[in-house]
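Working through the structure, step by step
Letter by letter, the chains look like this.
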Amino acid sequence: MLVATHNGTFHADEVTASVIFTLLDPEARFIRTRDPAVMEQADYVIDVSGQFDLEKHFDHHPREFGVFRDNGIKYATAGLIWRKFGLPLLKKLAGEAGLGELPEHIYEKAFKTIDRNVMEYTDLTDNGQLDSYTAGIAKAETPEETALYNRVNQFFMHTPVIPYLVAMQNIHDGTDEEQMERFTATVKALATLYRNIFIKTLSDTVKEEAVLNAYDRSEILWLDEKLPWFDAVMNNWDVFKNCKIAIYPDKKGFRIQSLPGSLSSRFINRCNAPRAWRGKDGEALREISGIATVTFVHNSGFTGGAETREDIELMARKWIDGSED
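Everything numeric in this text was worked out from a predicted model, so none of it was measured.

**Concerning helix H11 (residues 309-321)**
Across its 13 residues, H11 extends 19 Å between first and last C-alpha, which sits within 8% of the 18 Å expected from 1.5 Å per residue. Taken together, the buried positions of H11 are occupied by Asp311, Ile312, Met315, Ala316, Trp319 and Ile320. Buried residues of H11 fall within an arc of 160° about the axis and therefore sit on the same side. Exposed side of H11, more than 90 degrees from the buried face: Glu310 and Asp321 are the residues found there.

Given below as structure tokens:
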């Protein structure tokens, strides 16, 4: 596979697209040019050429380009290539990772998760839409809110996310040869990172479905194996609206943990442990709680443990009944 993109400074969107091609075809080759005759020799032309037939040419820069997601986020090169090749890539990686043939809806859910968590932000930072998009979803209506919005936005502008890290790989005033070397090294490094992200997302999507199947819509999420239940809650917030705590096995027996109380923070508890239990362990905690095999309760009141199933059930009921802010 031969892929053409522009020379000069490289950015996260065409680098991410190049990673997708590399994962699809480890023998993929890249040329960086603005010469139309040279780029047309390639199988795919990305982020350059002024054309967007979305079969061979994927350039989102022309004024007349208008391909948007349902949420209003405009596609840039990363999202366009993910949209076309994401599902085939996930199926290829599932085989390589030994996950076997997965149901189609698992691939589709993982595809959407990766688009939301990775590609949307990459596209927003490249197409100039990031500020207007965040302003739309966090609309400031007073001078104080505007000042707060600006401070938060300034903070995130300096967060070392993928677009920032990619930008830092460029050589100012570097020759085409030097930039090609840096581009190739950056694609190679991110290919390892993104391969792991894509496979983990697939695996977590399978496990998330197991969490949803285990939940009976009560106050307690009971799991017989350790699963990524926290992400399942965050990704299916309304499903778990009545749930207060999760119980799952750990190395010392069983663990109990409050569900998060907010979509925006892991550190707000929906159901805190009784104050008298917090920060206690061993005999002191057993005496206070009246639970024979209780092991500990975290000082913040978000998690604790017990050795037996019977005692974790008792702990859960006392925890919920005695919950305090």
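**Notes on the sheet that holds strand S11 (residues 303-306)**
Sheet strands associate in pairs through backbone hydrogen bonding, adopting either a parallel or an antiparallel arrangement. On the basis of which strands lie adjacent, the open sheet formed by five strands has the order S5-S6-S7-S11-S10 and mixed pairing. Looking along the sheet, the strands with just one partner apiece sit at the ends: strand S5 (220-222) and strand S10 (294-297). Neighbour-to-neighbour, the strand axes of this sheet turn through a mean angle of 20°, independent of strand direction. Pairing analysis gives four bridges linking strand S7 (residues 253-258) to S11, with the strands arranged antiparallel. Among the inter-strand pairings, Arg255 is bridged to a residue of S11, identified as Gly305.

**Here we look at a negative patch on the surface**
A cluster of acidic residues, Asp176, Glu177, Glu178 and Glu181, forms a negative patch at the surface. For Asp176, the location among the structural elements is in helix H8 (residues 176-214).

**Thoughts on the packing of aromatic side chains**
Aromatic ring pairs: the centre-centre distance and the angle between the two ring planes describe each pair. Per the counting criterion, the structure on display carries 15 aromatic pairs. Measuring from centroid to centroid gives 5.3 Å for Phe52 and Phe65, while their planes differ by 85°, and the two rings are edge-to-face. Residue Phe52 is located in the loop between strand S3 (44-46) and strand S4 (57-58), and its partner Phe65 is located in the loop between S4 and helix H3 (77-96); the two are separated by 13 residues in the primary sequence. Its relative accessible area of 26% is what places Phe52 among the partly exposed residues. Assessed through its relative accessible area of 3%, Phe65 is described here as buried. By way of ring pairs, the aromatic residues Trp82, Phe111, Tyr194 and Phe198 are connected into one cluster. Above the ring of Tyr75, the side-chain terminus of Arg69 is found at 4.1 Å from the ring centroid. The ring of Tyr75 is capped by Arg83, whose NZ or CZ atom sits 5.0 Å from the centre of that ring.

**With respect to the pairing of S10**
Taken together, the three bridges between S10 and S11 define a ladder with antiparallel strand orientation. Bridging from a neighbouring strand, Phe296 pairs with Gly305 of S11. Hairpin connection from S10 to S11: five residues lie between these consecutive antiparallel strands, with Gly301 at a positive phi of about 80°.

**Let's talk about the environment of Asp325**
Position of Asp325 relative to the elements: it lies in the segment after H11. Look at Asp325 and you get exposed, because its relative accessible area is 75%. C-alpha separation for the pair Asp325 and Gln41, spaced 284 residues apart in sequence, amounts to 65 Å. Look past the residues within four positions of Asp325 in its chain and what remains in contact with it is Asn272, Arg275 and Arg278.

**Things to note about the side chain of Glu120**
For Glu120, the location among the structural elements is in helix H4 (residues 104-127). Of the side chains with opposite charge, Arg69 lies nearest to the buried Glu120, which makes no salt bridge, at 4.0 Å. The contact partners of Glu120, leaving out residues within four places of it in the chain, are Arg69, Asn71, Ile73 and Asp115.

**Structural notes on the nonpolar core**
Ranked by size, the top nonpolar core spans 46 residues in total, and within it Trp82, Leu90 and Phe198 carry the most contacts. When residues of this core are assigned to their parent elements, the largest contribution, nine residues, is made by H3. Once residues lying within four places of it in the same chain are set aside, the contact partners of Trp82 are Ile20, Leu89, Leu90, Phe111, Ile114, Asp115, Met119 and Phe198. Ranked by size, the runner-up nonpolar core spans 18 residues in total, among them Ile256, Trp277, Leu285 and Trp319.

**Re H4**
At Asp115, H4 shows its maximal bend, which comes to roughly 40°. Just beyond H4, the residue with positive phi is Gly128, at close to 80°.

**Topic: the sheet that holds strand S2 (residues 29-32)**
Within the open sheet, the four strands sit side by side as S2-S1-S3-S4. Their pairing is parallel. Across the chains shown, the open sheet's two edge strands, defined by having one partner strand only, are S2 and S4. Its contacts with the sheet put helix H1 (residues 12-24) on strand S1 (2-5), S2 and S3, and the angle it makes with S3 is roughly 155°. Packed onto the sheet, H8 meets S1 and S2 and runs at close to 145° relative to S2.

**Re the environment of Lys84**
Inspection of the secondary structure assignment puts Lys84 in helix H3. We classify Lys84 as partly exposed; its relative accessible area is 31%. Lys84 sits 29 residues away from Glu55 along the chain, and the two C-alpha atoms are 8.5 Å apart.

Thresholds, definitions, all that
Residues numbered from 1 in each chain as written. Predicted model: local features only at pLDDT ≥ 70, side-chain atom pairs only at ≥ 80, totals over all residues. Heavy atoms only, no water. Helix = DSSP H or I, 4+ residues; strand = E, 2+ residues; numbered from the N terminus. Expected span 1.5 Å × (residues − 1). Buried < 20%, exposed > 50% of the residue type's maximum accessible area, 1.4 Å probe, protein only. Arc of directions from axis to C-beta. Pairing = 2+ DSSP bridges. Axes fitted to C-alpha atoms, helices over the stretch in contact; angles between N-to-C directions. Patch = residues over 30% accessible without salt bridge, like charges linked within 9 Å, V, L, I, M, F, W, Y side chains within 5 Å. Areas by Shrake-Rupley, 256 points an atom, 1.4 Å probe, with all protein chains shown as cover. Salt bridge = Lys/Arg side-chain N within 4 Å of Asp/Glu carboxyl O. Lys, Arg positive; Asp, Glu negative; His and termini not counted. Charge placed at Lys NZ, Arg CZ, Asp CG, Glu CD. Phe/Tyr/Trp six-rings, centres within 6.5 Å; stacked < 30°, edge-to-face > 60°. Lys NZ or Arg CZ within 6 Å of the ring centre and 35° of its normal. Contact = heavy atoms within 4.5 Å. Core = buried A, V, L, I, M, F, W, Y, C linked by side-chain atoms within 4.5 Å. Bend = angle between axes of the 7 residues up to and from the residue.

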